[in-house]
Amino acid sequence: MNQKELQQLVETISLNDFGKPFRHQATFNSRLRTTGGRYHMKSHDLDFNPKVIDKLGEEIFIGIVRHELCHYHLHLEGRGYQHKDSDFKVLLKQVGGLRFVPSLREEKVVQYWEYRCTSCDSLIHRQRRFNLSKYVCARCKGKFELKGRIEGKTAVN
């Protein structure tokens, strides 16, 4: 989707779902990382994260457009346009916009070292290896032995 198609989509959603025209600029902003879109109060323009379409699909993106249009129309009408305002919550529910954007982060497999205390059998996991002769168990002051590597998942940008 290019800038012209985005502008047309936002104008169409504004007319169909809100019954009001969108008279400002809608653009893609690739610098947005954690948010799906942004409303600029001074210029009344909308920015959208292009990664949302690629990673989450067009249906989620349309929900984000509706969310930002709620900010837009309520602000221009002088009503409560912030997330905490009841006007915003009611309008968002009426038009079917998304309250939160699903995470854009990808899960990455991380490997951990697993150690077991020889005295109390407690397990600990560390991303880095450590010298077994320098450290003791915090519970019982026993010695550790290296069991091996295990895999875990964590969110990464």
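Above this text you will find the structure in question.
Residues numbered from 1 in each chain as written. Predicted model: local features only at pLDDT ≥ 70, side-chain atom pairs only at ≥ 80, totals over all residues. Heavy atoms only, no water.

1. Comments concerning the packing of helix H1 (residues 3-18) against helix H3 (residues 58-77)
- Interhelical geometry of H1 versus H3 gives an angle of 70° and a closest axis separation of 10 Å. Viewed along their axes, H1 and H3 adopt a mutual orientation that is roughly perpendicular. Seen from above, H1 lies across H3 with right-handed handedness. Facing H1, whose interface residues are Leu6, Leu9, Val10, Ile13, Ser14, Asp17 and Phe18, H3 presents Phe61, Ile62, Val65, Arg66, Leu69, Cys70 and His73.
- Tallied by class, the residues present in the contact of H1 with H3 amount to 10 nonpolar, 2 polar and 2 charged. (Axes fitted to C-alpha atoms, helices over the stretch in contact; angles between N-to-C directions. Helix = DSSP H or I, 4+ residues; strand = E, 2+ residues; numbered from the N terminus. Parallel < 35°, antiparallel > 145°, perpendicular 65-115°, else oblique. Left-handed = near helix turned anticlockwise from the far one by under 90°. Contact = heavy atoms within 4.5 Å. Nonpolar A, V, L, I, M, F, W, Y, C, P; charged D, E, K, R; others polar.)

2. Concerning the packing of aromatic side chains
- One pass over the full model with this rule turns up 8 aromatic pairs.
- Ring geometry for Tyr39 against Tyr72: centres 6.2 Å apart, planes inclined by 85°, an arrangement best described as edge-to-face. Of this pair, Tyr39 sits in strand E2 (residues 37-39) while Tyr72 is found in helix H3, placing the two residues 33 residues apart along the sequence. In terms of burial, Tyr39 and Tyr72 fall into one category: buried.
- Site record: aromatic cluster; members linked through ring pairs are Tyr115, Phe130, Tyr135 and Phe144.
- If you follow Arg129 out to its NZ or CZ, it ends over the ring of Trp113, 4.7 Å from the centre. (Phe/Tyr/Trp six-rings, centres within 6.5 Å; stacked < 30°, edge-to-face > 60°. Buried < 20%, exposed > 50% of the residue type's maximum accessible area, 1.4 Å probe, protein only. Lys NZ or Arg CZ within 6 Å of the ring centre and 35° of its normal.)

3. Structural notes on helix H4 (residues 86-95)
- What H4 keeps buried is the set Phe88, Leu91, Leu92 and Val95. Projected down its long axis, H4 shows its buried positions confined to an angular sector of 100°, all on one face. Looking at H4, the residues exposed on the side facing more than 90 degrees away from the buried face are Ser86, Lys93 and Gln94.
- Contacts made by the buried residues of H4 are with H1 and H3.
- One or two steps after H4, the chain reaches Gly96, where phi turns positive at roughly 80°. (Arc of directions from axis to C-beta.)

4. Here we look at the packing of H3 against H4
- With their axes 10 Å apart at the nearest point, H3 and H4 run at an angle of 135° to one another. With respect to each other, H3 and H4 are oriented oblique. Note that H3 runs across H4; the crossing there is right-handed. Where H3 approaches H4, its residues Arg66, His67, Cys70, His71 and Leu74 are matched on the opposing element by Asp87, Phe88, Leu91, Leu92 and Val95.
- Residues belonging to the contact of H3 with H4 are distributed by class as follows: 6 nonpolar, 2 polar and 2 charged.

5. Here's the deal with the sheet that holds E2
- Spatially, E1-E3-E2 is the arrangement adopted by the 3 strands of the open sheet, whose pairing is mixed. The outermost strands of the open sheet, each flanked by one partner alone, are strand E1 (26-28) and E2. Neighbour-to-neighbour, the strand axes of this sheet turn through a mean angle of 20°, independent of strand direction.
- Looking at chain direction, E2 and strand E3 (residues 46-48) are connected through 3 bridges and run antiparallel. In the sheet register, Arg38 faces E3, and the bridge partner there is Asp47.
- Taken strand by strand, H1 contacts E1 and E3, and its axis lies near 135° from that of E1.
- Of the strands in this sheet, E1, E2 and E3 are in contact with H3, which crosses E2 at around 10°. (Pairing = 2+ DSSP bridges.)

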